[in-house]
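# Residue-level structural notes
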Amino acid sequence: MADTDRIALVTGANKGIGLEIARQFAQSGVLVIIGARDPVRAEAARDDLTAQGLKAQSLRLDLTDQATIATAVETIHAGYGRLDILVNNAGIVDAADGPPSTSSAEAARRIMDTNFVGTLAVTQAMLPLLRQAPAARIVNLSSSLGSLSVNGDSTSPYYSARLIGYNASKAAVNMLTVQLAQELGDTPIVVNSVSPGFVKTDLTGHAGFMTPEEGAKMPVRYALLGEDAVSGRFVEPNGETPW
Ligand code: NAP
């Protein structure tokens, strides 16, 4: 199937890594749908791409609002009848998150609600459309901070990054990848967790070693994997990440 035939939805695609994932899809000829919780920001991101001569659409999609998820499903169903690629990119950090002894429990709840429960809700809602595609791909944006092994390795550069809410939310996203890949094992649908690297975006306060354009490369590569695609993996730019 030519890339021009593929339809991709990227959540949280109005800025940061998500916007660059959308741009790279559109540059490959994939028809990209920009999901964003704020319709004005969604349209601005779409206009950014179309001004470059790229094909893009936008819709309102708030991971914490089931009604917007249901409407997004209806819109994609009416327009295309299927979805080839779902990139679960939207995610948050919270200033009140921190080490387990002092993090705000409410902050941890907010982070879990968006990063894990919201991602689960979008994935469940989109599954019937993904099943209609010949070989759908799901990419879950994870983080090395979601690795239990990395969190327990005192030699890791991430060892001191104790954000109980955020790290636990990405570990939970990894659990979604593992279980969903198993559940869909007898289908052509492939599910992977991708850690983009340490990327300069609003989420990191613009700290990091990579541009959003560079951070988008791995998620896009895994979304465009061919027939020999592996499923249920956790990868980062340097290779496989330990769970
Ligand atoms: P970002 O620039 O802050 O972008 C996050 C995006 O998620 C924004 O579009 C934001 O929308 C959206 N979002 C937040 N809550 C949402 C909700 N309830 N519904 C829909 N969209 C929502 O962050 P980023 O660095 O590009 O992060 C993208 C993903 O990569 C996240 O999952 C993050 O955890 C992951 N990641 C990033 C890094 C890094 O170094 N940057 C490393 C590892 C993993 P608004 O504009 O409306 O807030």
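These numbers were taken from a predicted model, which means no experiment stands behind them.

## As for the site of the ligand
Around the ligand, the structure places 29 residues, and the nearest of them are Asn14, Arg37, Arg41, Tyr166 and Thr201. One of the side-chain nitrogen or oxygen atoms of Arg37 is found 2.7 Å away from an oxygen atom of the ligand. Taking Val199, its main chain carries an N or O atom lying 2.7 Å from an oxygen atom of the ligand. Considered on its own, the ligand offers 900 Å² of accessible surface; in the complex 95% of this is hidden by protein. Among the detected pockets, the ligand sits in the largest pocket. Among the elements of the structure, helix H1 (16–27) and helix H6 (164–183) are those that each provide at least two residues to the shell around the ligand. In terms of residue class, the shell around the ligand is built from 11 nonpolar, 12 polar and six charged.

## Brief notes about unusual backbone geometry
Across residues other than glycine, the phi torsion is negative in most instances, and most of the peptide bonds are trans. One non-glycine residue with positive phi stands out, namely His206, at about 65°. Tracing the backbone shows His206 in the loop between strand S6 (190–194) and helix H7 (212–215).

## Structural notes on the pattern of salt bridges
Side chains that differ in charge, positive against negative, can pair when their charged atoms come close. This model, assessed by the stated rule, comprises 10 salt bridges. For Arg23, the salt bridge is made with Glu20, and the minimal N-O distance between the two is 3.1 Å. Of this pair, Arg23 and Glu20 are both found in helix H1, three residues apart, which corresponds to roughly one turn of the helix. When its relative accessible area of 11% is taken as the criterion, Arg23 is described as buried. The shortest N-O distance in the salt bridge between Arg46 and Asp47 comes to 3.1 Å. According to the relative accessible area criterion, Arg46 is partly exposed, its value standing at 26%. In this structure Asp47 comes out as partly exposed when scored by relative accessible area, which is 38%.

## Topic: the pairing of strand S2 (residues 31–36)
Across a regular strand the side chains alternate sides, sitting on one face of the sheet and then on the other. Most of S2 is tucked away, with six of its six residues classed as buried. Bridge count for strand S1 (residues 7–10) against S2 is four bridges, and the pairing is parallel. The residue of S2 that forms the bridge with Val10 is Ile34. For the crossover from S1 across H1 to S2, the handedness is right-handed. Sheet topology note: the S2/strand S3 (residues 56–60) ladder contains five bridges and is parallel. Of the residues in S3, the one forming a bridge with Ala36 is Arg60. Chirality of the crossover, the property in question, places the unit of S2, helix H2 (residues 39–50) and S3 among those that are right-handed.

## Things to note about the nonpolar core
By size, the foremost hydrophobic cluster in this structure holds 32 residues, and its most contacted members are Ile21, Phe25, Val32, Leu49 and Val87. Of all the elements in the fold, those that place two or more residues in this core are S1, H1, S2, H2, strand S4 (85–88), strand S5 (137–141), S6 and helix H8 (217–223). Counting residues per element, this core draws most heavily on H1, which supplies six residues. Filtering out sequence-adjacent residues up to four positions away, Leu49 remains in contact with Leu19, Ala22, Arg23, Val32, Ile34, Leu54 and Ala56.

## Some thoughts on the sheet that holds S6
Read across the sheet, eight strands follow the order S3-S2-S1-S4-S5-S6-S7-S8 without closing on themselves; strand pairing throughout is mixed. One side of each edge strand has no neighbouring strand; the edge strands of this open sheet are S3 and strand S8 (239–240). Of the pairings in the sheet, the one linking S4 to S5 comprises four bridges and is parallel in character. Opposite Ile85, over in S5, you have Arg137 as the bridge partner. Most of the contacts of H6 go to S6, to which it runs at about 160°, and overall it touches S5, S6 and strand S7 (234–236).

## Notes on the packing of aromatic side chains
Under the criterion given, the structure shown has two aromatic pairs. With a centroid separation of 5.4 Å and an interplanar angle of 80°, the aromatic rings of Phe198 and Phe209 are classed as edge-to-face. Pair noted here: Phe198 is in the loop between S6 and H7 and Phe209 is in the loop between S6 and H7, with a separation of 11 residues, a long-range link.

Calculation rules
- Residues numbered from 1 in each chain as written.
- Predicted model: local features only at pLDDT ≥ 70, side-chain atom pairs only at ≥ 80, totals over all residues.
- Heavy atoms only, no water.
- Near = heavy atom within 4 Å.
- Polar contact = N/O pair within 3.5 Å; in protein donor to acceptor, adjacent residues only side chain to side chain.
- Areas by Shrake-Rupley, 256 points an atom, 1.4 Å probe, with all protein chains shown as cover.
- 1 Å grid on protein atoms, 1.4 Å probe; cavity = no way out; pocket = protein on both sides within 12 Å on 5 of 7 lines; lining within 4 Å.
- Sits in = over half its atoms within 2 Å of the grid points.
- Helix = DSSP H or I, 4+ residues; strand = E, 2+ residues; numbered from the N terminus.
- Nonpolar A, V, L, I, M, F, W, Y, C, P; charged D, E, K, R; others polar.
- Salt bridge = Lys/Arg side-chain N within 4 Å of Asp/Glu carboxyl O.
- Buried < 20%, exposed > 50% of the residue type's maximum accessible area, 1.4 Å probe, protein only.
- Pairing = 2+ DSSP bridges.
- Right-handed = clockwise from strand over helix to strand, strands pointing away.
- Core = buried A, V, L, I, M, F, W, Y, C linked by side-chain atoms within 4.5 Å.
- Contact = heavy atoms within 4.5 Å.
- Axes fitted to C-alpha atoms, helices over the stretch in contact; angles between N-to-C directions.
- Phe/Tyr/Trp six-rings, centres within 6.5 Å; stacked < 30°, edge-to-face > 60°.

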